[in-house]
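Remarks on the overall topology
Next come the chains, spelled out residue by residue.
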Amino acid sequence: TANLGMEAEREPLLGNRTSESREWDIVETEEHYKSRWRSIRILYLTMFLSSVGFSIVIMSIWPYLQKIDQTADASFLGWVIASFSLGQMVASPMFGLWSNYRPRKEPLTVSILISVAANCLYAYVHLPASHNKYYMLFARGLVGFGAGNVAVVRSYIAGATSLQERTSSMANTSACQALGFILGPVFQTCFALIGEKGVTWDVIKLQINMYTAPVLLGAFLGVFNIILILAILREHRVDDSGRQCKNINFEEASTDEVQVPQGNIDQVAVVATNILFFVILFIFALFETIITPLTMDMYAWTQEQAVLYDGIILAALGIEAVVILLGVKLLSKKIGERAILLGGLIVVWVGFFILLPWGNQFPKIQWEDLHNNSIPNTTFGEIIIDIWNSPREDHNERPTGCPIEQAWCLYTPVIHLAQFLTSAVLIGIGYPVCNLMSYTLYSKILGPKPQGVYMGWLTASGSGARILGPVFISQVYAHWGPRWAFGLVCGMVVFTITLLGVVYKRLIAFSIRYGRIQE
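Residues numbered from 1 in each chain as written. Predicted model: local features only at pLDDT ≥ 70, side-chain atom pairs only at ≥ 80, totals over all residues. Heavy atoms only, no water.

**What about the overall build of the protein?**
Regarding its fold elements, the protein presents 18 helices and 6 strands. In the protein, buried positions account for 58% of the 519 residues. Residue pairs in contact within the protein that sit at least 24 positions apart in sequence constitute 82% of those at least 6 positions apart. Of the roughly 21700 Å² that the protein leaves accessible, carbon and sulfur atoms contribute 66%. (Helix = DSSP H or I, 4+ residues; strand = E, 2+ residues; numbered from the N terminus. Buried < 20%, exposed > 50% of the residue type's maximum accessible area, 1.4 Å probe, protein only. Contact = heavy atoms within 4.5 Å. Areas by Shrake-Rupley, 256 points an atom, 1.4 Å probe, with all protein chains shown as cover.)

Quick look at the structure:
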């Protein structure tokens, strides 16, 4: 097969093990190879649908929440949005543990069924007579709980690919995830054409409108995904060299050396990679959060302008991420993952350093003593409120600029638009590179043993970062301004680069560490 030809080219990387190499060359039949990659591609699709499920409703949560429950306020909206990450944080290690001991179809099917049920619940949250907002909170938390299957997907892909295939397949996984985040809001915009009233299916009391249609599509795609998983997904395991192993998810585990590798996982490298991953996601989550208030304060944009322009910028960063991920696949064959991770962190640091205010030009001050939603957000919720209030209010009468309530507006220089755009491009390059490399290195450090629980902890640390990042930046920015906010972020990145330097030599594949494969 084409695969065998490619593997033959890589044979010198495996050192002087000619008899084993020859056995390895013929160990994977074309049928097994095709089945293995079919299964991996089904999981790419699962990753894509999981991220679409999160992003497809994110822009419509606030008006829907207002419609179903008048008592909901901005801080409660913050909890509704954060509940997804909280659910994922709790579920990831549990699904990971399950996938270590049982066929991966089980946790994948159950987790997607939970997401389908949660989406159906979301479509019915208008029905109860009271406490509707708590039903919505529960529904979004449940969708997040179902999204804990990310750990299962990544542990499966790690176990079903050789070291040489790993970076490429992890890049494809991350690219599918990024694409889902980009396309979700696009689908949401299409459904806006249905309108608030929509149509009602009286028999089952189902309202199909601009708020419920996206989640119903999500539920349908979930059912479709389950059918594909049950029909096509097969259990596959290969060792770091690419030789086929028997499954070790259940009783059929073999006892030869390939499946029961001797040696312990380097726990220092595991903890360090979790910290690196947490900081990387923390930094990107806070950047996404601050982008709207920052541009409104610095450039005196109205809410409508900020929503439009920042939406375009974030969409462009998403497309940039997909391109970067595909480029990194090629680059990683020439440079090691550790060097690319270091390079990515340096690019992120430069991006935030450029954001530091300098010069003697100051932002336009908003003197009017009027309520203005550009005052930095203390919750996720107020960002979404800004977005949904913007088309309904007369912007000519609304004050713009840096609110006088923020004392730092009077003495902090403006961040020029060119500075901001350059920074956004650099962060858009560095973030996907660091995200992918930390996942890839992590899977290689763990080696051929089942990775479910470890991948669960990594996913949980990322979910925690997405909750804490926005809270951190909104508080620091509101009280001390961009100089302190981005200065502290630069300090965090320096800490992360230092940590990477300290553990650099330990971030190597399990098989290389134990001398089974030469680096």
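Picking up after the structure, the text goes on.
**A closer look at the state of the cysteines**
For the structure shown, the criterion picks out 1 disulfide. Disulfide partner of Cys 402: Cys 409, at an S-S distance of 1.9 Å. Between Cys 402 and Cys 409, the disulfide has an S-S torsion of -60° and is therefore left-handed. Classification of Cys 402 by relative accessible area gives buried; the value is 0%. Overall, the relative accessible area of 1% leaves Cys 409 in the buried class. (Disulfide = S-S within 2.5 Å.)

**Thoughts on helix α15 (residues 417-446)**
For an α-helix, 3.6 residues make a turn, and residues three or four places apart therefore share a direction. With 30 residues, α15 should cover 44 Å at 1.5 Å per step; its first-to-last C-alpha distance of 43 Å lies within 8% of that length. Among the 30 residues in α15, 24 count as buried, and that is most of the element. Phi turns positive one or two residues past the end of α15, at Gly 447, with a value near 75°. (Expected span 1.5 Å × (residues − 1).)

**Points about the pattern of salt bridges**
For the coordinates displayed, the defined rule picks out 6 salt bridges. With a closest N to O distance of 3.0 Å, Glu 165 and Arg 36 form a salt bridge. Here Glu 165 is found in helix α9 (residues 163-191), whereas its partner Arg 36 is found in helix α3 (residues 30-55), with 129 residues between them in sequence. (Salt bridge = Lys/Arg side-chain N within 4 Å of Asp/Glu carboxyl O.)

**Remarks on the environment of Gly 464**
As for its placement among the helices and strands, Gly 464 is situated in helix α16 (residues 452-480). With relative accessibility at 9%, the residue Gly 464 sits in the buried group. Spatially, the C-alpha atom of Gly 464 lies 7.6 Å from that of Phe 278, the residues being 186 residues apart in sequence. Residue contacts for Gly 464: discarding those within four places in its chain leaves Met 89 and Phe 278.

Structural measurements only, silent on function.
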